[in-house]
Amino acid sequence: MAELPVAAHWIGGEWVRSGTEGDSIDPATGAVIGRRFVAGRDEAEQAIVAAAKAFEQTPWRNDRDLRARVLSWIADAIEARTDDLVAILGLENGKVAAHAKVEVGIVPDCLRFNAALALTEFGRAASAKPGALSLVVRQPAGVAGIIAPWNSPVALVIRSLAPALAAGCTAAVMLPFQTAQTNALIAEIIAGVEGLPKGVVNIFTGGHEAGDALVRSPRVPVISFTGSTATGRAISVNAAPRLKRLGLELGGKTPMIVFNDADLEATASGIVLALTVFAGQFCMTGSRLLVQQGAADRLIAEVARRLEAVRVGPAADPASEMGPLIDKPSVERVEKMVAAAIGFGARVHLRGGPATEPPLDKGAFFRPTLLEVTDSSLDIVQEEVFGPVLVVQRFADEDEAIRLANATEYGLSASVWSRDVDRPLRVALALESGTVWINAWAAMADQFEEGGFKQSGQGRMRGLAVIDDFIEYKHIALMATRPAN
Ligand code: NAD
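Residues numbered from 1 in each chain as written. Predicted model: local features only at pLDDT ≥ 70, side-chain atom pairs only at ≥ 80, totals over all residues.

## Structural notes on the overall build of the protein chain
- The helix and strand inventory of the protein chain stands at 15 helices and 25 strands.
- Its C-alpha atoms give the protein chain a radius of gyration of 24 Å, within 12% of the compact-globule value 23 Å for 485 residues.
- With respect to the principal axes defined by its C-alpha atoms, the protein chain has extents near 80 × 70 × 40 Å.
- By sequence separation, contacts in the protein chain at least 24 residues apart represent 71% of the contacts at least 6 residues apart. (Helix = DSSP H or I, 4+ residues; strand = E, 2+ residues; numbered from the N terminus. Rg over C-alpha atoms; globule rule 2.2 N^0.38 Å. Contact = placed C-beta atoms within 7 Å.)

## Topic: the nonpolar core
- Residues L71 and A171 are the most contacted members of the largest nonpolar core, which totals 150 residues.
- If one sorts the elements of this core by residue count, helix α6 (residues 153-167) sits on top with 10 residues.
- Split by domain, this core shows at least three residues from each of two domains, domain 1 (6-250 + 456-474) and domain 2 (255-438).
- Discounting chain neighbours no more than four positions away, the residues touching A171 are A51, A144, I146, L161, A164, L165, V201 and N202. (Core = buried A, V, L, I, M, F, W, Y, C linked by C-beta atoms within 7 Å. Buried ≥ 20, exposed ≤ 12 C-beta atoms within 10 Å, placed from the backbone. Domains from an automatic or database assignment.)

## Remarks on the site of the ligand
- In the neighbourhood of the ligand, 28 residues make up the surrounding shell, with P149, G211, G227, T231 and C283 lying closest.
- At 4 residues, the largest contribution of residues to the shell around the ligand is made by helix α8 (residues 208-216).
- A per-class count over the shell around the ligand returns 12 nonpolar, 13 polar and 3 charged.
- For the shell around the ligand, the domains that each give at least three residues are domain 1 (6-250 + 456-474) and domain 2 (255-438). (Near = placed C-beta within 6 Å. Nonpolar A, V, L, I, M, F, W, Y, C, P; charged D, E, K, R; others polar.)

## Overview of the environment of S377
- Residue position: S377 is located in the loop between β18 (369-372) and α13 (379-382).
- On the basis of neighbour counts, which here come to 9 C-beta atoms within 10 Å, the residue S377 falls in the exposed class.
- Along the primary structure S377 and R36 are separated by 341 residues, whereas in three dimensions their C-alpha atoms are 41 Å apart.

## Re the domain arrangement of the protein chain
- For the protein chain, the domain assignment lists domain 1 (6-250 + 456-474) and domain 2 (255-438).
- Averaged C-alpha coordinates put domain 1 and domain 2 at centres separated by 31 Å.
- Residue-level contacts link 16 residues of domain 1 with 22 residues of domain 2.
- Residue composition of the side of domain 1 that touches domain 2, by class: 6 nonpolar, 9 polar and 1 charged.

## Overview of α8
- Every buried residue belonging to α8 is among A210, G211, A213, L214 and V215, and all of these are buried.
- Buried residues in α8 make contact with α1 (41-57), β8 (143-147), β9 (170-176), β10 (201-206), β11 (222-226) and α9 (229-239).

## Examining the sheet that holds strand β4 (residues 20-25)
- Strand order across the open sheet formed by 3 strands is β1-β5-β4, with mixed pairing between neighbours. One side of each edge strand has no neighbouring strand; the edge strands of this open sheet are β1 (6-7) and β4.
- One ladder, built from 6 bridges, connects β4 with strand β5 (residues 32-38); its direction is antiparallel. When the sheet's bridge partners are listed, D23 is paired in β5 with R35. (Pairing = 2+ DSSP bridges.)

## Focus: the sheet that holds strand β25 (residues 471-479)
- Sheet architecture is open: 3 strands sit in the order β6-β7-β25, paired in antiparallel fashion. Two strands bound the open sheet, and with one partner strand each, they are β6 (123-126) and β25. Taking the axes of each pair of neighbouring strands and ignoring which way they run, one obtains an average angle of 15° across the sheet.
- Judged from the 9 bridges that link them, strand β7 (residues 132-140) and β25 form a sheet pairing that is antiparallel. Note on β25: the bridge partner recorded for Q139 is E472. (Axes fitted to C-alpha atoms, helices over the stretch in contact; angles between N-to-C directions.)

## Describing helix α7 (residues 180-191)
- The terminal C-alpha atoms of α7, which comprises 12 residues, lie 16 Å apart, in line with the 16 Å expected from a rise of 1.5 Å per residue.
- Counting buried residues in α7 gives 9 out of 12 residues, a clear majority hidden from the surface.
- Among all positions of α7, only A180, Q181, T182, N183, A184, L185, I186, A187 and I190 are buried. (Expected span 1.5 Å × (residues − 1).)

## What about the packing of helix α3 (residues 82-93) against α7?
- At a minimum axis separation of 9 Å, α3 and α7 run at an interaxial angle of 160°. With respect to α7, the axis of α3 lies roughly antiparallel. Handedness of the crossing formed by α3 with α7: left-handed. Side by side, α3 and α7 meet where D84, L85, I88, L89, E92 and N93 of the first sit next to Q181, T182 and L185 of the second.
- Of the residues belonging to the contact of α3 with α7, the class tally is 4 nonpolar, 3 polar and 2 charged. (Parallel < 35°, antiparallel > 145°, perpendicular 65-115°, else oblique. Left-handed = near helix turned anticlockwise from the far one by under 90°.)

## Things to note about the pairing of β5
- Where β1 lies against β5, 2 bridges are found, and the strand directions are parallel. Considered in β5, the bridge of A7 is made with R36.
- The turn linking β4 back onto β5 is made up of 6 residues, and G30 within it adopts a positive phi angle of 80°.

## Thoughts on unusual backbone geometry
- Note the cis peptide between P358 and P359, where omega equals 0°.
- Position of P359 relative to the elements: it lies in the loop between β16 (353-354) and β17 (366-367).
- Positive phi, close to 55°, is recorded for F278, a residue that is not glycine.
- In this fold, F278 is placed in the loop between α10 (264-276) and β14 (288-292).
- Classification of F278 as buried rests on a count of 26 C-beta atoms within 10 Å.

As structure tokens, this is what we get:
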């Protein structure tokens, strides 16, 4: 039997094999696919020390030209290893190839956009009054602590790491144990990029303990966190004694709002995609369907028909359209939420649930589910499910649609479907949401900001604002000591 790969940490330019040893699991079969080390406080501290040393002792913080070149080279290196990244996301993360290709495919452009930011986002100069010259320079904050979740590890770590590097920060990056093999491949690819000084990027696999070490360290002034709202809140509390800069990209409960005049064919396929990409384990998963009464019966029936036809299976089977959840406990958790909603009176349009027949029963498969409710206070409406469960509510008019859409604590994204010109824009302006798509879902662009209103986060990723998490502004005022003659 071939030896299993061992996923180690990459710290200070060296591979480090320490922490708690365990198995990496294929969520589609339950098979062991490798060994992994999970970092604790010691490894997190090593990564912080390496990043702090690189910040002080290498040219990184002062050489924006070097940073731009290295970011472009990382983009090239990732592009060249696309197939390997897609393969490991399929095996370890359960993503079918089409979904994994989207995740990996957006990464090179994100890096190249940030390479451009490294060269262009540097401050301004002006004379506010005669004889005075003011310079505002933007300087890197120092060591950035980056924490990303397992649901899109490649795209999400780069989304934070690229602007941190563009700004001139060095980084201690923690990625989750569920994707240890993927983390090690990302580290291996970045490690091979020439010109990147040792210790500028440090990547380790960890959990709560190592993440907490980053959050509490006095040497890490900035935390860029992507994960759940509950963990975001805990991080805010634990970072408060050090007054850290926090970028928080948290949970979501994206409403898909459909008016009577929408193109129902296009809408139905948009809704199915929004629910089934990454098996609903996506912060922007379209987990709520708000539909106007006149279109409701037809749309619900069509969406149920299409969801039932989704081919659920392992990424290894090219016919699979939706992969498994990340692990069996997630299947149990999602099933409990569905059962509770039904217990509270939810009407069942499609009762998916855990796959119980062989060979899918060995994996963490959950078939799409479609429920309808009238009570917005139910957990199934208020809480993130993180699985392919769609909950429908009907509305009478625009005001009710907006009220229902805004009735959760989340505000990450929303989607409006209508053929009208004025209404979608009016609704978009009234929604409490960081991103609103019109007749589309999950259309993102590096040039435009992305992030959450309300409990979905603070700060912004992408766009020009992305750099703000990682820099300090410094005003240098120069006064003429001699009057002009
Ligand atoms: P999670 O919050 O449970 O964990 C995220 C990471 O934080 C993990 O690596 C975990 O070990 C670590 N962690 C846990 N407690 C910590 C602490 N006290 N201090 C520091 N680190 C700690 O999230 P998850 O279940 O891994 O990911 C799914 C969540 O992420 C969902 O809520 C999803 O919506 C959200 N998410 C948000 C975005 C976005 O852009 N807004 C993107 C993807 C995922």
